[in-house]
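What the coordinates show
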Amino acid sequence: MATRLVQINMKAHDDAALGRFWAEALGWRIDSEGPGVTNLEPVGFTYPDPAAVCIDLIARPEPKTVKNRVHLDLATTSTAHQEELVTRLKGLGATPVDVGQGDVPWTVMADPEGNEFCVLEPRPVYRDTGPIAAVVVDCTDPREMARFWGEAMDWTLHEVTDASATMRSARGVGPYLEFLRTPDTKSGWNRVHLDVRPYPGADPAAEAARLRSLGATDPGIDQSAIHWTILADPEGNEFCLLTPA
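These notes cover the structure that comes with them. (Residues numbered from 1 in each chain as written. Predicted model: local features only at pLDDT ≥ 70, side-chain atom pairs only at ≥ 80, totals over all residues. Heavy atoms only, no water.)

**Points about the pairing of strand E2 (residues 29-34)**
Rules: Strand pairing is defined by DSSP finding a minimum of two bridges between the two strands. For the purposes of this entry, the term helix denotes a DSSP run of H or I that reaches at least four residues, the term strand denotes a run of E that reaches at least two, and both are numbered from the N terminus.
For E2 and strand E3 (residues 37-41), the ladder comprises 5 bridges, and the chain directions are antiparallel. Looking at the pairing, Asp 31 lines up with Asn 39 of E3. The antiparallel hairpin formed by E2 and E3 contains 2 residues in its connecting segment, where Gly 36 sits at a positive phi of about 85°.

If you want it as structure tokens, here you go:
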């Protein structure tokens, strides 16, 4: 059996307000499971589907103190579209930020709660991804991350080097998952993390055991009150193994 990436989980001080920002930014619809939880997905979308990686925003009081190790890259179709999108996002409350990127053709921004994201220049590889070109994970060893996530999920590995690795759904739709080598080390709990889900009929306990055999670890927190499993990848990035669906 295998899992697949279905959503990213983003902590927020005000999940409803941040959800409105990202819904406007992506052109998606807003749903809610209750107070403190805001779900975002494309209009007309039937979850789960590899055509999109959805976003769950969860209210948490902890402040953001370091650069996120997981961020979104947004796709554009032309230079004019990139400029228009940056302008529109500023109007929604996003701000340009300097994370040491230097002179690059993409624009680094932060949402109203400081979560970094990039508005990319037009690139042919992202022409059919939808508004999210890629979910990007900072790491120290892209090859090891590609090895783990390539075995953890049924996604296809497109490219791997010492500097980066790229994966996409085996169906060739939706955003890419990219691992980018960075000099920073993980510090504290990730405010943005991946959520993966097994296919219907899978045994959650067996799937968790399989992921541990590949190199996942237990983060050492009390999970008695939840019906999913929290694990960490080989670089300590937390992720959630949801119930099969």
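**Digging into the packing of helix H1 (residues 15-26) against helix H2 (residues 79-92)**
What counts is decided by this rule: Axis definition: a line fitted to C-alpha atoms, limited for helices to the stretch in contact. Angles are taken between N-to-C directions and run from 0 to 180 degrees. When an angle is under 35 degrees it counts as roughly parallel; over 145 it counts as roughly antiparallel; between 65 and 115 it counts as roughly perpendicular; any other value is oblique. Two helices that cross are described as forming a left-handed crossing if the nearer one is turned anticlockwise from the farther one by less than a right angle, and a right-handed crossing if clockwise. The contact criterion used throughout is that any non-hydrogen atoms of two residues lie within 4.5 Å.
Direction vectors running N to C along H1 and H2 enclose 160°, while the axes themselves pass 10 Å from each other. Considered as vectors, H1 and H2 are oriented roughly antiparallel to each other. Classified by chirality, the crossing of H2 by H1 is right-handed. Of H2, the residues touching H1 (which contributes Phe 21, Glu 24 and Ala 25) are Arg 88, Leu 89 and Leu 92.

**Points about the sheet that holds E3**
A sheet is described by the order of its strands in space; here 7 strands give the open sequence E2-E3-E4-E1-E13-E15-E14, paired in mixed fashion. Two strands in the sheet have a free side with no partner beyond their single neighbour: E2 and strand E14 (229-232). Across the sheet, the mean angle from the axis of one strand to that of its neighbour is 30°, orientation sign disregarded. Sheet topology note: the strand E1 (residues 3-12)/strand E13 (residues 192-198) ladder contains 7 bridges and is antiparallel.

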